[in-house]
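Structural characterization, general
Here is how the chains run, residue by residue.
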Amino acid sequence: MIRYLTAGESHGEALVGIVEGMPAGLELVTEDIDVHLARRWRGVGRGGRSKFETDNVHFYSGVRFSKTIGSPIAIRIDNAAYLKDRSGWSVIMATDGSGGGVEAITMPRPGHADLAGVQKYRFDDIRPVIERASARETAVRVACCSVARKLLKVFGIEVGSHVIQIGGVGWDTPQEYRGMVDSICEQGAEQLYKRADRSGVRILDDQLSERCIERIKKAKSDGDSLGGSYEVVVTGVPVGLGSYVQWDRRLDGQLAQAILSIQGQKAVEIGDGLMSAREPGSAIHDPIIRKDGIFSRTQNRAGGVEGGISNGMPIVIRGYMKPIPTMIKPLESVDIVTLKQQTTRYERSDVTSVPAASTVAEATIAFVIANALLEKLGGDSIDEIQERFDRLSTTVSG
Ligand SMILES: Cc1cc2nc3c(=O)[nH]c(=O)nc-3n(C[C@H](O)[C@H](O)[C@H](O)COP(=O)(O)O)c2cc1C
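Heads up: these notes are all about the structure in this document. Bear in mind the structure is a predicted one, so any value in this text is a computation, not a measurement. (Residues numbered from 1 in each chain as written. Predicted model: local features only at pLDDT ≥ 70, side-chain atom pairs only at ≥ 80, totals over all residues. Heavy atoms only, no water.)

Next up on the list: the environment of P72. Topologically, P72 is positioned in the loop between β5 (67-68) and β6 (73-78). By relative accessible area, which is 38% here, P72 ends up partly exposed. Considering only alpha carbons, one finds P72 and Y60, 12 residues apart in sequence, at a separation of 9.6 Å. (Helix = DSSP H or I, 4+ residues; strand = E, 2+ residues; numbered from the N terminus. Buried < 20%, exposed > 50% of the residue type's maximum accessible area, 1.4 Å probe, protein only.)

Right, here's the structure in full:
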């Protein structure tokens, strides 16, 4: 099984990650990761930082001659803000004593970790909270998880996503886009992300995209921010990943955590989860058929997971993101030192990060699936796993 850890502050020198447990023999070059890091920066509604941070990974270990060697993969992404010393970040974020005179931040921003963070860690400066709670961390998360994504690709498992709506503008129900998404995903879910990436907001319909972009412009001119929702689809997932035998082995629970672990994500839905709470069972549960010697379903309202186990249908999971908490429109807060009630001060920020969040979600979901695949198959090298995967493909076909 694989795991990863990240470290790094938003305006520190670099973000670093370690991916452990990746089998040997996986072809891996920095471009496999950089392509997804670039996608994370794109999208209408992103703030000023997207203009000067060009994220590229450096491997320090675990890869030799463009192949993994089974040992931990250490990854670094530089923060251009620090390296170019914009706004004096090398002093503000100094790891030695040289930043002693830096002014403390004392106004906690509602919707951020600021107040709970200083209370928890007993800081008198909010800066350390801001720096680590920031979604800048998702850059190195995407990097670590993109290694898992490369592993999945070897076994024909693909991950893609598209945005459903931003600030209430977009698709209203899954039925409106289900046919389009399913037909794109017949060629594998990577087609889905490539199609969605053609739009500045990652919405598949051109007219809806335009309306959504207008909505974002309006929010920007109002000094406001927007949330939204998106869908991640995984195709080629074999039957039998995850299990019902213990709570923490349920695949649906792991998928949900992968979404909710991303900054600002407030709800998650697997398959038609929301609708299934309203409609009768006869409309919701997916009838089982046997087609060309393989068990299948006539529909996929379960989103590819039943009883905590992948059932061979595409995995479908939706994430719901709250509006960005940093806005030009001020919010009420209380200074932690003077204890005066005041309004918050604007800092550089996105108007919406839903398109970016959807690409981060693709990555975190890929990691969960890769981990479940390795849990199921074991194996230390790609060749060994391939043999087991081929046997699995024949044994689960029914
Ligand atoms: C990719 C991405 C980019 C984000 N960019 C910003 C931003 O520029 N400004 C901001 O205030 N919040 C931004 N956020 C949202 C905050 O990180 C999030 O609202 C904050 O961490 C609090 O959410 P939580 O309560 O879920 O931790 C972003 C989130 C993601 C996923």
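The environment of the ligand is formed by 18 residues, the closest being H112, G264, K266, T326 and S349. Contact distances for the ligand include 2.9 Å between an oxygen atom and a side-chain N or O atom of H112. In this structure, K266 approaches the ligand through a side-chain N or O atom, which is 2.8 Å from an oxygen atom. Here the ligand loses 83% of its free accessible area of 630 Å² to cover by the protein chains. For the shell around the ligand, a count of residues per class yields seven nonpolar, seven polar and four charged. (Near = heavy atom within 4 Å. Polar contact = N/O pair within 3.5 Å; in protein donor to acceptor, adjacent residues only side chain to side chain. Areas by Shrake-Rupley, 256 points an atom, 1.4 Å probe, with all protein chains shown as cover. Nonpolar A, V, L, I, M, F, W, Y, C, P; charged D, E, K, R; others polar.)

Pairing is antiparallel across the open sheet formed by five strands, whose spatial order is β8-β7-β9-β15-β10. For this open sheet the edge positions go to β8 (169-170) and β10 (265-270), each flanked by a neighbour on one side alone. By the bridge criterion, two bridges tie strand β7 (residues 158-166) to β8 in an arrangement that is antiparallel. Opposite I166, over in β8, you have V169 as the bridge partner. Strands in contact with helix α8 (residues 189-196) are β7 and β9 (228-235); relative to β7, the strand with the most contacts, it is inclined by about 40 degrees. (Pairing = 2+ DSSP bridges. Contact = heavy atoms within 4.5 Å. Axes fitted to C-alpha atoms, helices over the stretch in contact; angles between N-to-C directions.)

A few words now on the pairing of strand β15 (residues 315-321). Of all seven residues making up β15, six are buried, and the element is well covered by its neighbours. Relative to β15, β9 runs antiparallel, the two being bridged by seven bridges. Among the inter-strand pairings, V232 is bridged to a residue of β15, identified as I317.

Approximately 1000 Å³ is the volume found for the second largest pocket. The greatest single-element share of the lining of the second largest pocket, amounting to six residues, is contributed by helix α7 (residues 174-185). Taken together, the residues that form the lining of the second largest pocket break down as 15 nonpolar, 12 polar and nine charged. (1 Å grid on protein atoms, 1.4 Å probe; cavity = no way out; pocket = protein on both sides within 12 Å on 5 of 7 lines; lining within 4 Å. Points joined across faces, edges and corners; volume = space filled by probe spheres on them.)

Glancing now at the nonpolar core. The biggest cluster of nonpolar side chains holds 82 residues, and the ones touching the most others in it are M22, I75, L251, L255, I365 and I369. At 15 residues, helix α13 (residues 354-377) tops the list of elements feeding residues into this core. What I75 contacts, discounting residues up to four positions off in sequence, is L15, V16, G17, V19, I33, V57, H58, F59, A143, C144 and V147. Among the nonpolar cores identified, the runner-up in size contains six residues, and A80, A81, Y82 and W89 belong to it. (Core = buried A, V, L, I, M, F, W, Y, C linked by side-chain atoms within 4.5 Å.)

So, about empty space enclosed by the protein. All told, the structure shown has one cavity of 30 Å³ or more when counted by the stated rule. Empty space within the largest cavity amounts to approximately 50 Å³. Around the largest cavity, the lining residues are R109, P110, P325, T326, M327, K329, L331, T344 and R345. Class assignment for the residues of the lining of the largest cavity results in four nonpolar, two polar and three charged.

All right, on to the pattern of salt bridges then. Between side chains of opposite charge, pairing is possible as soon as their charged atoms come close. Considering all chains together, one arrives at 30 salt bridges under this definition. The shortest N-O distance in the salt bridge between R178 and D182 comes to 3.3 Å. One end of the pair, R178, and the other, D182, are both in helix α7, four residues apart, so they sit about a helical turn from each other. By relative accessible area, D182 is classed as partly exposed at 40%. (Salt bridge = Lys/Arg side-chain N within 4 Å of Asp/Glu carboxyl O.)

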